[in-house]
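# Close look at the chain arrangement
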Amino acid sequence: MSFFAFLGMQYDFQWSVLWTGERGQWLLQGILTTLRLSLTSWVIACALGILSGALRTVPWKPLRLLAAVYVEFFRNVPLLVWLFFWYFGVPQALPRAAQDWLNHHGPEFWSAVAGLSVYHGARISEVIRAGIQSVPKTLLEASVATGLSVLQAYRLIVVPIALRLIVPPATNESLNLLKNSSLALTIGVAELTFMTRQIETYTAKAFEALTAGTLIYLVLCLGIASIMGQVERRFRIPGLIARAGRAEH
Amino acid sequence: MIQFRGVNKWFGPLHVLKDIDLRVSPGEVLVVCGPSGSGKSTLIRCINKLEPIQRGEIVVDGMPLHDSATDITKLRAEVGMVFQQFNLYPHMTVLLNITLAPMKVRKHSREEAGRIARDLLAKVGIPEKAGQYPAQLSGGQQQRVAIARALAMQPKIMLFDEPTSALDPEMINEVLDVMVNLAKEGMTMIVVTHEMGFAKKVAHRVIFMDEGRIVEEGSPGEFFANPKEERTRAFLGKILVH
């Protein structure tokens, strides 16, 4: 307090608003919801991304086209629009039973999962495609020349190598997904940003609440970057990837 | 064993194989040479259908390649191939490089595939490298692993696409020695190479290609001593001078 007073600021800091009463509970709930939302969406986005990214490189045009349509459709609409679409639009078109299921399991949460998954799936797809295309075509030839099917060659050779190459850009996309999950507050998901806004509304302590939110996102993202750095080192191909330039954490 | 009948292939407007007729018998060692761009690599890549052909017929081990009903993966299991750039799987150990296809295609157990792989590594002279990764090996060692990988499928035919062209000179012989032994064991081999010493030593027949055609063929003795075609003489003059 004295430091800010020294700068001539009159603001009265009350950091305790973050943990007094049920507000500590709010923050914790917000963190858990953000993690659950991001992790669920990330798993689905990766599955969609790996599948569509791989399909964009296969030697059969209809499949390539299908995957390209998915990518261009879902990455070229703003995420916010997707969230509104999946929350306000899609449920009405679902069959009765599905609507009932949704209403009992949190329609906000699952609409946010859908929006984040398809949007980031399309973006991860491009990362995967770049990775696969940087695996020399001759490796695919060598694999099928031994009698492996194209599917086996992709599963055992091409995709595992591509996944190793794309750890840095995939880390970027994962961090983006976590940060973009904050948009889910617009459809009423009580995630971290939602909770910091709620603390601000109840206490009028915007600086404290948003500082807490900022630092928590920072810590979460640094944690993910550090995990991905370890993944990168764990799966490094011996003798192949140079030591210089690897992730340092 | 292998039969080409009137084979033609185009890359877009480029006519890369022109009316190729060729027959390779079981146990034969055929060396293919010619200037770069003459179609020799394309020719052997047609034998396991890495390249499709547009006209003509290719029959390999009784299976017609031009027939879409032929199970191409089944055919490829019988035809081993060794590439100029080795093309080992960089994320797998030497042992796994060799055992992968026998386990996945031939459905061998891990133990059985491992036993075959270790025998082959001993045969190519690097039994101690089983646990290493390709990038930790020299070029010559990598190419010998690639040969072992192809042999692990117990193929009926082996194709070599310039197997020593990417190697430092002092490593060429270690790879050629393995190939010479293989030829002596009676393997059917088609070898694209400029190693004329190898051709003289083990080839039964040499063919010379230029601009997509087989210009000349003969036993190594007559091919090197009395080339009939002017283009063959010009080519041999250039590569044998030193």
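Residues numbered from 1 in each chain as written. Chains lettered and ligands numbered in written order. Predicted model: local features only at pLDDT ≥ 70, side-chain atom pairs only at ≥ 80, totals over all residues. Heavy atoms only, no water.

With that settled, the discussion passes to the state of the cysteines. In total, this model carries zero disulfides over all chains according to the counting rule given. For the unlinked cysteine Cys46(A), the closest cysteine sulfur is that of Cys221(A), found at 15 Å. In this structure Cys46(B) is not part of a disulfide, and its nearest cysteine sulfur, from Cys33(B), lies 18 Å away. Take Cys46(B): its relative accessible area is 1%, and that puts it in the buried class. (Disulfide = S-S within 2.5 Å. Buried < 20%, exposed > 50% of the residue type's maximum accessible area, 1.4 Å probe, protein only.)

This model, assessed by the stated rule, comprises 16 aromatic pairs over all chains. Between Phe13(A) and Phe207(A), the aromatic rings sit 5.3 Å apart at their centres with planes inclined by 75 degrees, giving edge-to-face as the arrangement. Separated by 194 residues along the polypeptide, Phe13(A) in the loop between helix 1 (2–6) and helix 2 (23–55) and Phe207(A) in helix 11 (residues 206–234) bring together distant segments of the chain. On the numbers, 5.1 Å between centres and 45 degrees between planes, the contact of Tyr70(A) with Phe74(A) is tilted. With Tyr70(A) and Phe74(A) both in helix 3 (residues 61–75) and four residues apart, this pair spans about one turn of that helix. Overall, the relative accessible area of 14% leaves Phe74(A) in the buried class. One aromatic cluster is present, formed by Tyr70(A), Phe73(A), Phe74(A), Trp82(A), Phe85(A) and Trp86(A) through successive ring pairs. Over the face of the ring belonging to Phe235(A) we find Arg234(A), whose NZ or CZ atom lies 4.8 Å from the ring centre. The positively charged end of Lys200(B) is found above the aromatic ring belonging to Phe224(B), 5.1 Å away from the centroid. (Phe/Tyr/Trp six-rings, centres within 6.5 Å; stacked < 30°, edge-to-face > 60°. Helix = DSSP H or I, 4+ residues; strand = E, 2+ residues; numbered from the N terminus. Lys NZ or Arg CZ within 6 Å of the ring centre and 35° of its normal.)

Contact residues are listed per partner, giving 21 residues for chain A and 24 residues for chain B. Carbon and sulfur atoms supply 68% of the area that chain A and chain B bury against each other, a total of about 1,900 Å² over both sides. For the chain A face of the interface with chain B, the top three residues by lost area are Ala145(A), Thr146(A) and Pro238(A), together amounting to 26%. Remark: the boundary between chain A and chain B carries one salt bridge. The residue Glu141(A) makes a salt bridge to Arg45(B) at a minimum N-O spacing of 2.7 Å. Counting across the interface, chain A meets chain B through three residue pairs in polar contact (both at pLDDT 80 or more). At the level of elements, helix 7 (137–145) and helix 8 (150–165) of chain A are the ones that each hand at least two residues to the side of chain A that touches chain B. Of the residues belonging to the side of chain A that touches chain B, the class tally is 12 nonpolar, seven polar and two charged. (Contact = heavy atoms within 4.5 Å. Buried area = accessible area lost by both parts, 1.4 Å probe. Salt bridge = Lys/Arg side-chain N within 4 Å of Asp/Glu carboxyl O. Polar contact = N/O pair within 3.5 Å; in protein donor to acceptor, adjacent residues only side chain to side chain. Nonpolar A, V, L, I, M, F, W, Y, C, P; charged D, E, K, R; others polar.)

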